[in-house]
Every structure is written in C-alpha cells, then in structure tokens.
Amino acid sequence: MDLINPEPIIHERKNLKSNTDRTTTSEDQRDAIDPLEIFEHIRDITDPEHPYSLEQLNVVSEDLIDISDDKSSLRVQFTPTVQHCSMATLIGLCIRVKLMRVLPSRFKVDILITPGGHSTEEAVNKQLNDKERVAAALENPSLVQMVNNSLQGPKP
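A short tour of the structure in this document, coming up. (Residues numbered from 1 in each chain as written. Predicted model: local features only at pLDDT ≥ 70, side-chain atom pairs only at ≥ 80, totals over all residues. Heavy atoms only, no water.)

Section: the overall build of the protein chain
When helices and strands are tallied, the protein chain shows five helices and three strands. When its helices and strands are written in sequence order, the protein chain yields α-β-β-α-β-α-α-α. Counting the 156 residues in the protein chain, one finds 38% classified as buried. Across the protein chain, the fraction of contacts at a sequence separation of at least 24, relative to all contacts at a separation of at least 6, is 63%. Carbon and sulfur atoms provide 49% of the accessible area of the protein chain, an area that totals close to 9,300 Å². (Helix = DSSP H or I, 4+ residues; strand = E, 2+ residues; numbered from the N terminus. Buried < 20%, exposed > 50% of the residue type's maximum accessible area, 1.4 Å probe, protein only. Contact = heavy atoms within 4.5 Å. Areas by Shrake-Rupley, 256 points an atom, 1.4 Å probe, with all protein chains shown as cover.)

Below you can see the structure in the form of structure tokens.
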C-alpha cells in the first residue's frame, strides 16, 4: 500500500495540566467540560495510516477545540498532515465516534477540517456533520472496525 504521507513529522506528546484542580460550588453542580478534557479524549486516537496518535502528528490540538458547556455545543477542528489526505473523512469519523461515546448526548458536536487544511475541505466537513451520512457509515462493519482500531490508540 502506498502511503499518502510516507514521512510524517512526529511531534512530542504534551504534558497537560491536570483537571483535578477544578472546584465546584456544591455537590449538586457538575464540572463544566473544557477544551482540555475534550483534547484528552481525542489525543490518543491512532492515525489510520500511521502507528502514531493524532496528537503526535499534530492533527489535533487543544487550541482547535471550542466548547460551550452551558450551551451544549462543541466544535473540534483537525488538520490533516497533507492537503490531499484521503483519510481525512475517516479521521473525522473517528473523532466523532470517540466523542459520541464519552460526551453526554446533550452536546451538538461539529467536526471540521481547519480552514485551508484540505483540498476538499467543504465536502469532508459536510460528510462529517451530516447525521444520515454518519449513521450510514457506522452501519458498515469494515468501517466500524477501522474506527475501533484507531480508537484503541497507538500500540506501545
């Protein structure tokens, strides 16, 4: 198989500040979900083409996550390693599935390619944010297997 990006640049895994410093005003109140928490959920997704995490390939970063917990809205942008990445839709689907599994269902999640990050950015964004297309993709057993493999994270 020919790789789309045979020699990607590998970045170091970041040491993140702890979420344990949060305080709440009462036992009944929940902690707000913040960009760091979202990043912690998606950083270890494995790239479908390489044995590296999306964080190591600089495909995802905390800076590209916008969340409003009180409005239950989340926008995650990601940057494929090359402009013509044929795996961009699969990467976005992996991010969406991971977030579907960990976030409360009240969240409206938008997954988008960073502006200018892909040659067919508009088409990929449309696919990733169309509920019917996502549902159809998740009915394909081989595609679900590829997503599940990526969600397991990099192999040590």
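Resuming the write-up.
Some remarks on the nonpolar core
In terms of nonpolar packing, the biggest core is built from 35 residues, with Leu74, Val76, Phe78, Ile95 and Leu99 touching the most fellow members. Among the elements of the structure, α1 (35–42), β2 (73–78), α2 (88–102), β3 (108–113), α3 (121–128), α4 (131–137) and α5 (141–151) are those that each provide at least two residues to this core. In terms of residue count, the dominant contributor to this core is α2 (eight residues). Excluding residues within four positions of it along the chain, Val76 makes contact with Ile38, Ile42, Leu64, Ile65, Ile95, Leu99, Asp110, Ile111 and Leu112. (Core = buried A, V, L, I, M, F, W, Y, C linked by side-chain atoms within 4.5 Å.)

Notes on the pattern of salt bridges
For the structure shown, the criterion picks out five salt bridges. Arg133 is the partner of Asp130 in a salt bridge, and the nearest nitrogen-oxygen pair spans 3.8 Å. On the basis of relative accessibility, which here comes to 21%, the residue Asp130 falls in the partly exposed class. For Arg133, a relative accessible area of 40% puts it in the partly exposed group. (Salt bridge = Lys/Arg side-chain N within 4 Å of Asp/Glu carboxyl O.)

What to know about the sheet that holds β3
Taking strand neighbours across the sheet as the criterion, the three strands line up as β1-β2-β3 in an open arrangement whose pairing is mixed. Only two strands of the sheet have a single partner each, and these edge strands are β1 (65–68) and β3. For this sheet the average axis-to-axis angle between neighbouring strands, irrespective of direction, equals 10 degrees. Taken together, the four bridges between β1 and β2 define a ladder with antiparallel strand orientation. (Pairing = 2+ DSSP bridges. Axes fitted to C-alpha atoms, helices over the stretch in contact; angles between N-to-C directions.)

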